[in-house]
Amino acid sequence: MRLILFLLVALLVVLALTNPNEAEFRAHMQEKYGIAGSLSLKVAAIFSAGTGSGVQRDNYFLFSRYFIGGDGILPRTDLAWGIAGKFFDIDEETEPRK
C-alpha cells in the first residue's frame, strides 16, 4: 500500500514540475505552425486588452489550458491542453460551446 501511495505522490510531483508555461507554448506554436503561428499570437496580443502576450493560461498545477481572447474584442478561443511537457491541440469543432 505504501508503494502505491509513494508512486502516486511521485507521479503528481512529476506532473507538477513538468507543467508547461506560456513561453513553452509559444515555442510549440512556432515549431508546429511556423511563422503563421508566431504571427497569430502577435495579432492576438495586439487585440487583447490588458495582457501583453496574447496567450493566456489557466493553470491547474498538474496541467494547463491555453487560450487567446476573452478579455478584449476577441472572443475566447481555447487552443491546447498542456501536461507533462506535451501539448494537445483542442479541435474547436468537437469541443462543446459554453
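Anything mentioned here points back to the structure above.
Rules used throughout
- Residues numbered from 1 in each chain as written.
- Predicted model: local features only at pLDDT ≥ 70, side-chain atom pairs only at ≥ 80, totals over all residues.
- Heavy atoms only, no water.
- Salt bridge = Lys/Arg side-chain N within 4 Å of Asp/Glu carboxyl O.
- Helix = DSSP H or I, 4+ residues; strand = E, 2+ residues; numbered from the N terminus.
- Buried < 20%, exposed > 50% of the residue type's maximum accessible area, 1.4 Å probe, protein only.
- Pairing = 2+ DSSP bridges.

**A few points about the pattern of salt bridges**
Logical step 1: Enumeration over the complete set of coordinates arrives at 5 salt bridges.
Logical step 2: Its salt-bridge partner being Asp58, residue Arg76 comes within 2.9 Å of it at the nearest N-O pair. Pair noted here: Arg76 is in the loop between β2 (63-68) and β3 (77-83) and Asp58 is in strand β1 (residues 55-59), with a separation of 18 residues, a long-range link.
Logical step 3: What makes Arg76 partly exposed here is its relative accessible area of 31%.
Logical step 4: A cluster of three or more residues bridged by salt bridges with shared partners is formed by Asp58, Arg65, Arg76 and Asp78.

**Regarding the pairing of β1**
Logical step 1: Strand direction decides the pairing type here: β1 and β2, joined by 5 bridges, are antiparallel. Residue Val55 lies in a different strand from β2, and its bridge partner there is Ile68.

**Focus on unusual backbone geometry**
Logical step 1: Residues other than glycine seldom take positive phi values, yet Phe61 does so here, at roughly 70°.
Logical step 2: Secondary-structure assignment places Phe61 in the loop between β1 and β2.
Logical step 3: A relative accessible area of 63% places Phe61 in the exposed class.

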